[in-house]
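# A structural walkthrough
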Amino acid sequence: MHAYELSLLAQKDLDNIWFYTYENWSRNQANKYFEIIQSEIREICLHPESQRKLKLSTKSINLRRVESHLIIFKIKNKKVFIIRILHKNMDLENHL
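Everything numeric in this text was worked out from a predicted model, so none of it was measured.

### Section: the overall build of the protein
On a plain count of helices and strands, the protein comes out with three helices and five strands. Along the protein, from the amino end to the carboxyl end, the secondary structure elements read β-α-α-β-β-β-β-α. For the protein, with 96 residues in total, the buried portion stands at 36%. The long-range fraction of contacts in the protein, counting pairs at least 24 apart against all pairs at least 6 apart in sequence, stands at 48%. Put simply, the protein shows about 6200 Å² of open surface, and 49% of that area lies on carbon and sulfur atoms.

Written out as structure tokens, the structure reads:
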């Protein structure tokens, strides 16, 4: 299993996802969705090479979809580096 690190933006994304879910649904739902995302990050750490790859105009990134969000990451120094956690409808290139 690889270790992982969250970028500051990814941590902010997680916080924003939690608060949005809390405000629109409930604390219970926010905690549940947060745990789903954390579980997917653990799965990425188990098999980082098997995730979907995407070539953008300036970067090559790895993606994993989790419900309505995309976990965007790269492998850096044998660690999974989580770059962002963005809603699936967001323009990825403008947010990376």
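Moving on from the coordinates now.
### Overview of the confidence of the model for the protein
Per-chain confidence: the protein averages 89 in pLDDT, with 90% of residues scoring 70 or above. Confidence scores differ between elements of the protein, with strand β2 (residues 52–55) showing the lowest mean pLDDT of 69 and helix α1 (residues 8–24) the highest of 98.

### Details of helix α2 (residues 27–46)
What sets the pattern is the α-helix's 3.6 residues per turn: residues three or four places apart point alike. In this model, α2 (20 residues) spans 29 Å end to end at C-alpha, consistent with the 28 Å of a helix rising 1.5 Å per residue. Listed in full, the buried residues belonging to α2 are Ala30, Tyr33, Ile37, Gln38, Glu40, Ile41, Ile44 and Cys45. When α2 is viewed along its axis, its buried side chains cluster within an angular range of 155° and face the same direction. Each element contacted by the buried residues of α2 is listed here: β1 (3–6), α1, β3 (60–66), β4 (69–76) and β5 (79–87).

Reading the values: the criteria
Residues numbered from 1 in each chain as written. Predicted model: local features only at pLDDT ≥ 70, side-chain atom pairs only at ≥ 80, totals over all residues. Heavy atoms only, no water. Helix = DSSP H or I, 4+ residues; strand = E, 2+ residues; numbered from the N terminus. Buried < 20%, exposed > 50% of the residue type's maximum accessible area, 1.4 Å probe, protein only. Contact = heavy atoms within 4.5 Å. Areas by Shrake-Rupley, 256 points an atom, 1.4 Å probe, with all protein chains shown as cover. pLDDT = per-residue confidence, 0-100. Expected span 1.5 Å × (residues − 1). Arc of directions from axis to C-beta.

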